[in-house]
Amino acid sequence: MAQAQVEQARYPDLEGRSVFVSGGGSGIGAAIVAAFAAQGARVSFIDIADDPSHVLVSRLGAERVRYQRCDVRDIAAFRGAGCVRPAQYPREQCGARRPPRACRGHA
Ligand SMILES: NC(=O)c1ccc[n+]([C@@H]2O[C@H](COP(=O)([O-])OP(=O)(O)OC[C@H]3O[C@@H](n4cnc5c(N)ncnc54)[C@H](O)[C@@H]3O)[C@@H](O)[C@H]2O)c1
């Protein structure tokens with residue numbers, strides 16, 4: 001398949017779905033965030049790098065992309081009120097970059 005066809009591919013099943021990405025502020029994670037947002041998904045991502053994360057939200061639009069600072073090594077914080085909790089994402093479809101346990105129990 002030509003690259004242009006891949007970039008223009010539309011996946012209606014992703015429209016309106018909730019997606020969670022860890023390390024989504026830059027690099028491969030940011031590309032994943034952008035790709036899901038381009039499909040109409042509502043993307044929440046965590047990272048520890050505030051500057052590139054805020055730039056990404058500005059570029060993609062705060063109505064589609066949400067950033068929260070969170071260090072995935074701090075399990076207590078990750079589970080706590082100060083960080084993203086799995087219960088907030090009951091319908092998420094998780095990819096390879098999901099944090100441990102974040103998708104447990106969800107279809
Ligand atoms: N095998 C390969 O060919 C190949 C190619 C490219 C990248 N990689 C690997 O894939 C991984 C991702 O690549 P990348 O370029 O996106 O890396 P990156 O380091 O640029 O991106 C990782 C993101 O995670 C964030 N992050 C780092 N520690 C964190 C933490 N404790 N909590 C929350 N967020 C944190 C960073 O701020 C960054 O935004 C890396 O481990 C890289 O080595 C492998």
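I will try to describe carefully the structure that is included in this document. (Residues numbered from 1 in each chain as written. Predicted model: local features only at pLDDT ≥ 70, side-chain atom pairs only at ≥ 80, totals over all residues.)

### Let's talk about the pairing of strand S1 (residues 18-22)
- Of all five residues in S1, four are buried; the element is thus mostly enclosed.
- Note: S1 against strand S2 (residues 42-47), five bridges, orientation parallel. When the sheet's bridge partners are listed, Val 21 is paired in S2 with Phe 45.
- You can see the chain leave S1, run along helix H2 (residues 27-38) and come back into S2, and the turn it takes is right-handed. (Buried ≥ 20, exposed ≤ 12 C-beta atoms within 10 Å, placed from the backbone. Helix = DSSP H or I, 4+ residues; strand = E, 2+ residues; numbered from the N terminus. Pairing = 2+ DSSP bridges. Right-handed = clockwise from strand over helix to strand, strands pointing away.)

### Brief notes about H2
- Given a rise of 1.5 Å per residue, twelve residues ought to cover 16 Å, and the 17 Å separating the end C-alpha atoms of H2 matches this to within 8%.
- Within H2 the residues assigned to the buried category are Gly 29, Ala 30, Ile 32, Val 33, Phe 36 and Ala 37. Considered in projection along H2, the buried side chains sweep an arc of 155 degrees and stay on one side of the axis. Set apart from the buried face of H2 by more than 90 degrees, the exposed residues are Gly 27, Ile 28 and Ala 31.
- Where H2 is buried, its residues touch S1, S2, helix H3 (50-60) and strand S3 (65-69). (Expected span 1.5 Å × (residues − 1). Arc of directions from axis to C-beta. Contact = placed C-beta atoms within 7 Å.)

### Re the site of the ligand
- Among the 14 residues in the neighbourhood of the ligand, the closest are listed as Gly 23, Ser 26, Gly 27, Ile 28 and Ala 49.
- Mapped by element, the contributors of at least two residues to the shell around the ligand are H2 and S2.
- A per-element tally of the shell around the ligand places H2 first, with three residues.
- Here the residues of the shell around the ligand sort into five nonpolar, six polar and three charged. (Near = placed C-beta within 6 Å. Nonpolar A, V, L, I, M, F, W, Y, C, P; charged D, E, K, R; others polar.)

Shape is all these values report; function is a separate question.
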